[in-house]
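# Examining the three-dimensional arrangement
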Amino acid sequence: MASAAQSRAPTPVPEAARARSWARSPSAHEALEAHYAANPGTRPNHPHPWDTSRSDIYAENRWEPIFKEMRAEGPLHYIPESPYGPYWSVVGHKAIQHTEALPEIFSSSWEYGGITILERLADVPLEERMELPMFIAMDRPKHTGQRKTVAPAFTPAEMKRLEGEIRQRTGECLDALPRGETFDWVNTVSIPLTTGMLAILFDFPWEDRDLLTHWSDWSGDTELASVRALDDVRRGMLREMAAYFQMLWAERAQRGEAPDLISRMIHSPAMNQMDPQEFMGNLVLLIVGGNDTTRNTMSGIVHALDRFPDQRKLFEENAELIPNAVQECIRYQTPLKHMRRTCTQDTELFGQNIAEGDKVILWYNSANRDESVFENAEKLDITRENARRHIAFGYGIHRCVGARLAELQLRVLMEEMHKRRLRVDVTGDVQRVRANFVEGFRKLEVEVTRF
Ligand code: HEM
């Protein structure tokens, strides 16, 4: 029988578009490191001890005590100085939910500043800013209409429809793993499974699916986006991506209604109000949203189970714990560290005066370690009764629209690992992502055995 991957009939892509896409830019990480190597002394400076926008604390995994200290002093703190300008840090679980429940006061709109800590480049003309409008960075009512366009792709019925293919691809990937040797779990499992899933969701040309990972890495890195010297490379990458998706758009518009996400967006009534920039922005949102996040939890599960052998034993002995283990691993991993809001009017928040225009950073990584909600929060506990209260998917009107798909992919991965009695030991190099937005692993060298 043909495998799920082999049986996907590739969508034809004109040769000209393919040639353009494969002449692609360097990886986001390579570009940033090459820039710092060529320009010594230009790495951002973070003098404030509580400025958690610094990426080294994440690359070196020493962020937990800093947030713990902040939470002990209160749920909200003003950071007067950072390479991204001054900002409020919201570090408590309850305080983040409270802030997200007031979207009129705490805006997500890109017109105020969007959803990451990045400063708006006020001195740069709009057309040069490379800010793509996407509904995660819109307020009501526009947000509501555009979210409705993609939400039907993530209903429980759609998840049921996708589960068989996800299970088959996951099983094939695990069956092909090398035995008796060390290999990189990120490149061998996490990236192929998440990129393949997105390719299915978009009906993206199968043989070009690596581009989704490449574009996602470029689009989701806040530090890279703040290095103006790399603007030209970034612009080139965005142009390359835009050309590719425009080509797919034209093809889907001709093809008529189909279940893939691009066709759904084109043929939905809300699309009539979406200009090409918004269309592109929302595609980038789905690529980054579905890629960097789930991918890193797939690595995070393996890393966390290796780090907490008692929990790995529980997992190996009790397959019925898997649904809760998925929630706990998402809490523990928290693939997106922050979202940003901008205050639209002078207001008070947990005893502090926030002024109109102030930048408010919601640190989900800290909320998911909040001791007032999660006992022994720094420990992985797959039997944790309230693991579901994690806030890794956000809260309120912007809560992750793809959460069910992420949960499905992660549950299937754990179930298929369990079925095959796969134990994954971390045996080699571990490199974490150096970023203040995405949390995850660039490399995770492992060896698999049977339990
Ligand atoms: C929004 C996390 C997987 C698509 C969000 C938000 C977070 C998040 C924190 C913002 C919530 C807020 O502002 O309150 C995650 C995590 C994932 C994941 C941790 C995996 C473990 C996915 C997947 C997709 C996706 C698989 C789609 C393929 C989106 C979209 C939004 C979003 C479109 C915008 C929703 C809106 O503004 O209404 N996600 N995500 N995400 N996510 Fe995810």
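Just so we're clear, the structure is a prediction, and the values are computed from it rather than from any experiment.

Cut-offs and rules
- Residues numbered from 1 in each chain as written.
- Predicted model: local features only at pLDDT ≥ 70, side-chain atom pairs only at ≥ 80, totals over all residues.
- Near = placed C-beta within 6 Å.
- Helix = DSSP H or I, 4+ residues; strand = E, 2+ residues; numbered from the N terminus.
- Nonpolar A, V, L, I, M, F, W, Y, C, P; charged D, E, K, R; others polar.
- Buried ≥ 20, exposed ≤ 12 C-beta atoms within 10 Å, placed from the backbone.
- Axes fitted to C-alpha atoms, helices over the stretch in contact; angles between N-to-C directions.
- Parallel < 35°, antiparallel > 145°, perpendicular 65-115°, else oblique.
- Left-handed = near helix turned anticlockwise from the far one by under 90°.
- Contact = placed C-beta atoms within 7 Å.

## Topic: the site of the ligand
Neighbouring residues of the ligand: 27 residues in total, closest Gly289, Gly290, Gly394, Cys400 and Gly402. Mapped onto the shell around the ligand, the elements with two or more residues apiece are α13 (276–307) and α17 (403–419). Looking at the shell around the ligand, the element that brings in the most residues is α13, giving 7 residues. Grouping the amino acids of the shell around the ligand by side-chain chemistry returns 15 nonpolar, 9 polar and 3 charged.

## A few points about unusual backbone geometry
A cis amide bond links arginine 140 with the next residue in sequence, proline 141, at an omega value of 5°. When you line up the elements, proline 141 lands in the loop between β3 (106–107) and α6 (142–150). Phi at aspartate 203 is positive, roughly 50°, even though this residue is not glycine. With respect to the helices and strands, the residue aspartate 203 is situated in the loop between α8 (185–202) and α9 (210–219). Accessibility expressed as a C-beta count within 10 Å gives 21 for aspartate 203, which makes it buried. We note that threonine 334 has phi near 40°; this positive angle belongs to a residue other than glycine. According to the C-beta neighbour criterion, threonine 334 is buried, with 25 such atoms within 10 Å.

## Some words on the environment of glutamate 251
The topology assignment puts glutamate 251 in helix α11 (residues 231–255). On the basis of neighbour count, glutamate 251 is assigned to the partly exposed category, with 17 C-beta atoms found within 10 Å.

## What to know about the packing of helix α7 (residues 156–175) against α8
Relative orientation and spacing of two packed helices are given, respectively, by the angle between their axes and the distance between those axes. Relative orientation of the contacting elements α7 and α8 amounts to 150°, with a least axis distance of 11 Å. Classified by the angle between their axes, α7 and α8 sit roughly antiparallel to one another. For the crossing formed where α7 meets α8, the hand is right-handed. Taking contact as the criterion, the partners of Glu165, Ile166, Arg169, Thr170 and Cys173 in α7 are, on α8, Val189, Pro192, Leu193, Gly196, Met197 and Ile200. When grouped by side-chain class, the residues that make up the contact of α7 with α8 number 7 nonpolar, 2 polar and 2 charged.

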